[in-house]
Amino acid sequence: MGVVRAPGTLRLGAGAGFAGDRIDPAVELARRARPDYLVFECLGERTVAAGHARRIADPAAGFDPLLAARLRAVLPHCHPAGTTVVTNSGAANPEAAGECALREAGALGLDARIAVVTGDDVLELVRTIDPVVWETGTPLSEVGDELLSANAYLGAEPVAEAVASGADVVVTGRVADPALYLGPLVHEFGWAPGDHDLLGKGTLVGHLLECAGQLTGGYFADPLTKPVPDPARLGFPFADVGPDGAAVFGKPDGSGGRLDRRTCGEQLLYEVDDPAAYVTPDVVADFSDVTFTDAGTDRVAARGATGRPRPDGLKVTLGFRGGWLGEGQLSYAGPRCLDRARMAADIACERLVGVHGLPEEAVEVEYIGAGAAFRGLAAAEDPAEVRVRVSARVPTAEAAEAVGWEVESLYTNGPAGGGGARRSTTEIVAVRSCVVPREHVRPRVTVVG
């Protein structure tokens, strides 16, 4: 049985809040809540830059590796119900993601139209205009690291155009998270670019839904002060939105988690610097007068968002090759385990500098379980166990390999009682930001299938 909604409203469901999110709550949402749009928000700043690194190595890669699995799981429920899937899983390769979506729909025997939104890749543009990089305060041309990618945050307009094409699945690259939800609202209700208050209200809906399970108690949970029922079966949220932007949020009845004014209040402030000026590509939203009221069990009504004209520029995420990270970890337990962990780290560091020639300042040590998360702000007690992590950011993969090698060698060459060694070598993708003029960015919508 579906979840009852108010007449004349549009239902938007949150199918994912990040690239590695669960799939079964999205299936529950598609099957039981039957949203008009099911949105998978799967793209972080580092995620898209890392996608470009994969695409360079393999031209068919660069999109979310879980896209196929998500579509296989939800399309059998979405397609018969007329639910449109919208996702930024295209990441660094929306075209290949669109082909993936077409293949998955075909394998399920579904005659599906796929709309692909591109135009966010502005690598050549930033090389031409040489913008100032926020984090360094210098022109891009003066940044020493190799530029890997540049992706502008597109807004709701190309998403609205894509859903207007009659697509069953809309795949985008870098689009502002709330715009994935705002686009369908703009299309369905005919909101104009100058309707700033309506766009602010729609941005509130997208902002609250974009992280999926965070709204229904996931990131909210604390077993003592903020208990959340049945978190292993956390239900993902949806919103019923009217033409005036008024919204009621809910989750499937009987699912785990909680949705109330407290969970909504925390998510409202998530990643927001100034609640009165939340800057997006579509509008500068004002959340300072937002109110939440109970509208039933696990139902909350949200009102009060407004908006002002959007900025002239678009934020761009810049990805750079940042060298290699090598790391090794080893655990110690029992009496004086912290002393033995410190001895192990000293040995590894001395050898990394003296034998392998790594710069001393490149090597870092953490004692996990003995105050590592506090970065020296809390004194280390005498723990029952501790895990030492030695890492180094270096220019080459060979130098990075040495880190894990030296930590692992402590099995027989270090202090007593070490165990559970792990080692890894990872290419680093560094992320920075800039702004480009909006008029130079030209989104495109292509329909296949």
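My aim in this report is to walk through the structure given alongside it, one point at a time. (Residues numbered from 1 in each chain as written. Predicted model: local features only at pLDDT ≥ 70, side-chain atom pairs only at ≥ 80, totals over all residues. Heavy atoms only, no water.)

Details of the sheet that holds strand 10 (residues 284–286)
The pairing of strands in a sheet comes from backbone hydrogen bonds and takes either a parallel or an antiparallel form. Spatially, the 3 strands line up as an open sheet ordered 9-10-13, and their pairing is antiparallel. The sheet terminates laterally at strand 9 (278–279) and strand 13 (306–308), the two strands that pair on one side only. Note: strand 10 against strand 13, 3 bridges, orientation antiparallel. Directly across from V284, in strand 13, lies its bridge partner R308. Contacts from helix 8 (residues 196–209) reach strand 9, strand 10 and strand 13, with the element oriented near 115° to strand 13. (Pairing = 2+ DSSP bridges. Helix = DSSP H or I, 4+ residues; strand = E, 2+ residues; numbered from the N terminus. Contact = heavy atoms within 4.5 Å. Axes fitted to C-alpha atoms, helices over the stretch in contact; angles between N-to-C directions.)

Here's the deal with the pattern of salt bridges
Within the structure shown, the criterion is met by 24 salt bridges. Here E266 ties to K226 by a salt bridge, and the two come within 2.7 Å at their closest N and O atoms. Residue E266 is found in helix 9 (residues 261–268), and its partner K226 is found in the loop between helix 8 and strand 7 (238–241); the two are separated by 40 residues along the sequence. Three or more residues joined by partner-sharing salt bridges are found here, namely E146, R321 and E427. (Salt bridge = Lys/Arg side-chain N within 4 Å of Asp/Glu carboxyl O.)

Digging into helix 9
All buried positions along helix 9 are accounted for by T263, C264, Q267 and L268. The arc that holds every buried residue of helix 9, seen down its axis, measures 135°, which confines them to one face. The elements touched by buried residues of helix 9 are helix 8, strand 11 (291–294) and strand 12 (299–303). Looking at where helix 9 begins, the residue whose side-chain oxygen comes 3.0 Å from the main-chain nitrogen of R262 is D260. (Buried < 20%, exposed > 50% of the residue type's maximum accessible area, 1.4 Å probe, protein only. Arc of directions from axis to C-beta. Polar contact = N/O pair within 3.5 Å; in protein donor to acceptor, adjacent residues only side chain to side chain.)

Describing the environment of G414
With respect to the helices, strands and loops of the structure, G414 is situated in the loop between helix 12 (410–413) and strand 17 (419–437). A C-alpha to C-alpha distance of 9.9 Å links G414 and D346, two positions 68 residues apart in sequence.

On their own, these measurements won't tell you what the molecule is for.
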